[in-house]
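Close look at the chain arrangement
Listed here are the chains, written in short residue letters.
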Amino acid sequence: FVYALLGDGETQEGIVWEMAAMANKYKLDNFIIIVDRNNLQNDGVTDEVMPVEPLEDKFRAFGWQTSRINGHNMEEIVNALELARSFKGKPYCIIADTVKGRGVSFMENVRAWHGKAPNQEQYEQALKEIEGGLV
């Protein structure tokens, strides 16, 4: 299997849809993509920059099988991947609804963290919050 992880902002790019058409043409049923649907990108809120919904309908229009999951629920992730691997005849797209920085108080839903690494102090605080079960 070949897996690709796409940010929702990437689905604004034409090359994504060229890939989608090609994967369907060649019936790449071993190709699974996961779209991280967190609604944030470097330039702002995804749907304010360039609306991407309805993503499921768009991928279906390109001949893909799709499903939508809670990207923070490991059981849903595992089930979706198992289903995608068992599906034959079409490529498969999993749209994972997520919250950027989930579980870290100063990162959650903050666009500034899209392409920025934390300093040592921030890293340690984030790790404590994640390990503390706030996720």
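Here the structure is a predicted model, which means the values were calculated and not measured.

Reading guide: rules and limits
- Residues numbered from 1 in each chain as written.
- Predicted model: local features only at pLDDT ≥ 70, side-chain atom pairs only at ≥ 80, totals over all residues.
- Heavy atoms only, no water.
- Pairing = 2+ DSSP bridges.
- Helix = DSSP H or I, 4+ residues; strand = E, 2+ residues; numbered from the N terminus.
- Axes fitted to C-alpha atoms, helices over the stretch in contact; angles between N-to-C directions.
- Contact = heavy atoms within 4.5 Å.

1. Points about the sheet that holds strand 2 (residues 31-37)
Spatially, 1-2-6-5 is the arrangement adopted by the four strands of the open sheet, whose pairing is parallel. Since the sheet does not close on itself, it has two edges, and those belong to strand 1 (2-7) and strand 5 (65-70), each with one partner. The sheet shows a mean angle of 20 degrees between the axes of neighbouring strands, direction not considered. By the bridge criterion, six bridges tie strand 2 to strand 6 (residues 92-97) in an arrangement that is parallel. Following the sheet pairing, arginine 37 is matched in strand 6 by aspartate 97. Here helix 4 (residues 74-86) sits on the sheet and contacts strand 1, strand 2, strand 5 and strand 6; the angle it forms with strand 5, its principal contact strand, is near 170 degrees.

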